[in-house]
Amino acid sequence: QVQLVESGGGLVQPGGSLRLSCAASGSISSIYTMGWDRQAPGKQRELVATITRGGRENYADSVKGRFTISRDNAKNTVYLQMNSLKPEDTNVYYCNADVSVGGSSLATYWGQGTQVTVSS
């Protein structure tokens, strides 16, 4: 019913920047909070950032001041601008969205993940 497709991951040197995008498509009535999580092998998934439909942002302490989340409601797309990247930012990044489908109750949908590797 709803698909989230991420793009923009890759390999970057420490101190570099990347911009992730995630576009939602399908039978969408409304999208509420959107966000990004990340997970390294053998570790728990952790929240990176969220943004409400009205634009209120929330960040993990580890990325505050370096990452910026934004969204384009007309395009059902959320972005994550990542600056001053560190090796410890190396993870698979997953976008997520709270979506109302056909006027029904909210459900959370997830993308397939995009790899970000920070290494010299």
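For the structure, check the block above.
The structure presented is a predicted model; accordingly, all values stated were derived computationally and were not measured. (Residues numbered from 1 in each chain as written. Predicted model: local features only at pLDDT ≥ 70, side-chain atom pairs only at ≥ 80, totals over all residues. Heavy atoms only, no water.)

(A) Molecular detail of the sheet that holds strand E7 (residues 67-72). If you walk across this open sheet you meet the four strands as E1-E3-E8-E7, and the pairing is antiparallel. Edge positions in the sheet fall to strand E1 (2-7) and E7, since each of these pairs with one other strand and no more. Put simply, the sheet's adjacent strands are angled 15° from each other on average, direction ignored. Where strand E3 (residues 18-26) and strand E8 (residues 77-82) come together, six bridges link them in antiparallel fashion. The residue bridging leucine 20 from the neighbouring strand is leucine 80, located in E8. (Pairing = 2+ DSSP bridges. Helix = DSSP H or I, 4+ residues; strand = E, 2+ residues; numbered from the N terminus. Axes fitted to C-alpha atoms, helices over the stretch in contact; angles between N-to-C directions.)

(B) How the structure looks around the packing of aromatic side chains. Scanning all chains against the criterion turns up zero aromatic pairs. Between the NZ or CZ atom of arginine 45 and the centre of the ring of tyrosine 94, over which it lies, the distance is 3.8 Å. Its guanidinium or amino end placed over the ring of tryptophan 110, arginine 45 lies 5.0 Å from that ring's centre, counting from NZ or CZ. (Phe/Tyr/Trp six-rings, centres within 6.5 Å; stacked < 30°, edge-to-face > 60°. Lys NZ or Arg CZ within 6 Å of the ring centre and 35° of its normal.)

(C) A look at the pattern of salt bridges. Scanning all chains against the criterion turns up four salt bridges. Across the salt bridge formed by arginine 38 and aspartate 89, the nearest N and O atoms sit 3.0 Å from each other. Note that arginine 38 is positioned in strand E4 (residues 30-39) and aspartate 89 in the loop between E8 and strand E9 (91-100), a separation of 51 residues in sequence. By relative accessible area, aspartate 89 is classed as buried at 1%. Salt bridges here are not isolated pairs; linked through shared partners, they connect Arg38, Glu46, Arg66 and Asp89. (Salt bridge = Lys/Arg side-chain N within 4 Å of Asp/Glu carboxyl O. Buried < 20%, exposed > 50% of the residue type's maximum accessible area, 1.4 Å probe, protein only.)

(D) Structural detail: the nonpolar core. Ranked by internal contacts, the top residues of the largest apolar core, which has 30 residues, are Trp36, Leu80, Met82 and Tyr93. Of all elements in the fold, only E1, E3, E4, strand E5 (46-51), E7, E8, E9 and strand E11 (114-118) reach the threshold of two or more residues within this core. Apart from residues lying up to four places away in sequence, leucine 80 is in contact with Leu18, Arg19, Leu20, Trp36, Val48, Ala49, Phe67, Thr68, Ile69 and Tyr93. (Core = buried A, V, L, I, M, F, W, Y, C linked by side-chain atoms within 4.5 Å. Contact = heavy atoms within 4.5 Å.)

(E) Region of the structure containing unusual backbone geometry. One non-glycine residue, asparagine 76, lies in positive phi territory at about 50°. Here the phi dihedral of serine 84 falls at roughly 50°; this positive angle occurs in a residue that is not glycine. Mapped onto the elements of the fold, serine 84 is located in the loop between E8 and E9. For serine 84, a relative accessible area of 40% gives the class partly exposed.

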